[in-house]
Amino acid sequence: MRLSRYFLPVLKETPSEAQIVSHRLMLRAGMIRQQAAGIYSWLPLGFKVLKRIEQIVHEEQIRAGHIPMLMPTLQPADLWRESGRYDDYGQEMLRLRDRHDRDMLYGPTNEEMITDIFRTHVSSYKDLPLTLYHVQWKFRDEIRPRFGVMRGREFYMKDGYNFDLTKEDALHAYNRHLVSYLRTYERMGLQAIPMRADSGPIGGDDTHEFLVLADTGESEVFYDSEITDLKLGDREIDYDSFEQCQAVLEEFTSRYARTDETHDEAAFNAIPEARRRVARGIEVGQIFYFGTKYSEAMGAMVQDADGHKVPVHMGSHGIGVSRLLGAVIEASHDENGIIWPEGVTPFHCGIVNLRQGDEATDAACQMLYDALTAKGLEPLYDDRSERAGAKFATMDLIGLPWRITVGPRGLKNGVVELTSRRTGESEELTAEDAVDRIVAIYADI
Ligand code: P5A
């Protein structure tokens, strides 16, 4: 993409309404525009990162054997009357009425609708296990929408639902989700710690939230510092193996880590003092096992091997896709702007032309652009007639992890400059070598 043809409405001023750094930077970098409290348009740069994050979520869900689909945002109230949640959900639910006077709602989550789909089409244990998921907009009329995309009213969520014959199978689905979530967050350059939590209006006893540590997080968390040494890394996991998924769950949940909702002071104090941590975190996901709560209420039954009709065991599992943009920025920025991890960056690298209109410099930039594009990468080429300082400031603000700077002086010596946004370190090398380096960096991401 050429910057001169792109739509990147960066702001010079720091917006005063934004209280936390990720919200400020998303507004300044021209990623989002607020349309009403907690409701945003996703401008091209923000939309690109949202799609990158969504893509990682899809890849890891499919790797775990879960099946993508799409349910609507609007739902009939009658489904929710069956589960009893139409009245329970309270003011957070946005209720509407259509022209035929039918009660509708903008879905805050989809347990009822997926249970309805299941009961319509599945009747035998032979069709289990089954996990269906979608990535779809949700609406919760939050009492205090704030911090930009962190606590929106309209927000983008991946929500998945497992259907299993037995509790044991459903717990395997729970464990499988835990493993796939750890991998998902790590690919985004985040450490998200599973913490025992409260199930709230979703229900059930078994639930973990995934928290990214950040001073601006809305949840208070208590944990054993040893947990921050854990990493899933690129170990091979067989998602069909109960033992392997269970082992990862045990590894990641055996140390004390809880949100304030479930905090147990006595258990916390049993950890050696030097390892006790009280901090804040951003909840980027939550997994639930709630057994037969919805299947019994809504008649989602299957025939087991003995011909008995039994309610299926279920769980639901959510990732805050739009919230993750804020979480990544909170975890990765400096005073000049965002620093995208390679896994989610909107463009793979920037190309800065220091002398727009100079024949040799323009040609070198074009060659870099074409070579990177031919390798399947997306560079953002700043081809505007701006001062170098302004171009660098824009690149720093929007946070592309790598920048190639091309100027007449370097070209005379046959070199361009490759700069890391994270370290600020620069290196001179030939344009061909710069392309090879960028290609190599992204080869295993
Ligand atoms: C699990 C999937 C559920 O709704 N039902 C389907 C279950 N869980 S949850 O914890 O309530 O939400 C899942 C994740 O969505 C994100 N989230 C939000 N993001 C932005 N703004 C909001 N107002 C908001 N509310 C929830 C969180 O990341 C949460 O973990």
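Thresholds applied
- All residue numbers refer to position in the chain's written sequence, counted from 1.
- Per-residue local features of the predicted model are confined to residues with pLDDT of at least 70, and side-chain atom pairs are confined, for both listing and counting, to 80 or more; whole-chain, interface and lining totals are unaffected and use all residues.
- Heavy atoms from the whole structure form the basis of all side-chain values; hydrogens and water molecules are not counted.
- We define a salt bridge as a contact between a side-chain nitrogen of Lys or Arg and a carboxyl oxygen of Asp or Glu at a distance within 4 Å.
- Secondary structure follows DSSP: runs of H or I at least 4 residues long count as helices, runs of E at least 2 residues long count as strands, and numbering of each begins at the N terminus.
- Here an axis means a line fitted to C-alpha atoms, over the contact stretch when the element is a helix, while the angle between two N-to-C directions is reported on a 0 to 180 degree scale.
- Angle categories: roughly parallel below 35 degrees, roughly antiparallel above 145, roughly perpendicular from 65 to 115, and oblique for all the rest.
- Helix crossings fall into two classes, left-handed where the near helix is turned counterclockwise from the far one by less than a right angle and right-handed where it is turned clockwise.
- Contact between two residues is taken to exist if any of their heavy atoms lie within 4.5 Å; hydrogens are not considered.
- The near set for a molecule or strand comprises every residue that places at least one heavy atom within 4 Å of it.
- Within 3.5 Å is the distance limit for a polar contact, defined as a pair of N or O atoms, with the added protein rule that one can donate a hydrogen and the other accept it, and that residues adjacent in sequence qualify only through two side-chain atoms.
- For every accessible area listed, the method is Shrake-Rupley and the probe measures 1.4 Å; residues are considered covered only by the protein chains on display.
- Relative accessibility under 20% of the residue-type maximum defines a buried residue, over 50% an exposed one, and the middle range a partly exposed one, all with a 1.4 Å probe and only protein chains included.
- In this scheme, strands are said to pair when DSSP sees at least two bridges between them.

Novice: Residues and numbers for the pattern of salt bridges, please.
Specialist: Scanning all chains against the criterion turns up 29 salt bridges. Notably, a salt bridge pairs R52 with E378, separated by 3.1 Å at the nearest N-O pair. With R52 in helix α2 (residues 44-63) and E378 in the loop between α11 (359-374) and β20 (379-382), the pair connects residues that are 326 residues apart, well separated along the chain. Here the salt bridges do not stand alone but share partners, grouping E59, E60, R63, R183 and R187 into one network.

Novice: Give a detailed account of the packing of helix α6 (residues 167-187) against helix α7 (residues 242-253), specifying residues and quantitative values.
Specialist: Between α6 and α7, the shortest axis-to-axis distance is 9 Å and the interhelical angle comes to 60 degrees. In terms of axis orientation, α6 runs oblique to α7. By crossing handedness, the relation of α6 to α7 is classed as left-handed. The residues of α7 that touch α6, namely those facing E168, H172, Y174, N175, R176, L178, V179 and L182, are F242, C245, Q246, V248, L249, F252 and T253.

Novice: Let's hear about the site of the ligand: which residues, and what values?
Specialist: Around the ligand, 23 residues are found, and the nearest of them are T109, E111, R140, G152 and E283. Contact between the ligand and E111: a nitrogen atom at 2.7 Å from a side-chain N or O atom of the residue. Between the ligand and G285 there is a distance of 3.3 Å, counted from an oxygen atom to a backbone nitrogen or oxygen. Protein contacts shield 96% of the accessible area of the ligand, which totals 590 Å² for the unbound molecule. Those elements that provide at least two residues to the shell around the ligand are β8 (154-164), β13 (276-291) and β16 (313-320).

Novice: Pulling in residues and values, what's your account of unusual backbone geometry?
Specialist: That bond from L128 to P129 is cis: its omega, 0 degrees, falls within 30 degrees of zero. Its location among the elements puts P129 in the loop between α5 (111-121) and β7 (130-139). A positive phi angle is found at D101, which is not glycine, with a value near 70 degrees. Mapping D101 onto the fold places it in the loop between β5 (94-97) and β6 (103-106). Although it is not a glycine, F147 sits at a positive phi angle of roughly 60 degrees. Secondary-structure assignment places F147 in the loop between β7 and β8. For F147, a relative accessible area of 12% gives the class buried.

Novice: An account of the pairing of β7 is requested, with residue identities and associated values reported.
Specialist: Along any regular strand, the residues point their side chains to alternate faces of the sheet. The buried fraction of β7 is high, at nine of ten residues. In terms of strand pairing, strand β3 (residues 67-68) meets β7 through two bridges, oriented parallel. Each bridged residue has a counterpart across the sheet, and for P68 the counterpart in β7 is Y133. Summarising the sheet, β7 and β8 pair through ten bridges and their orientation is antiparallel. Within β8, the residue paired with Q136 across the bridge is M157.

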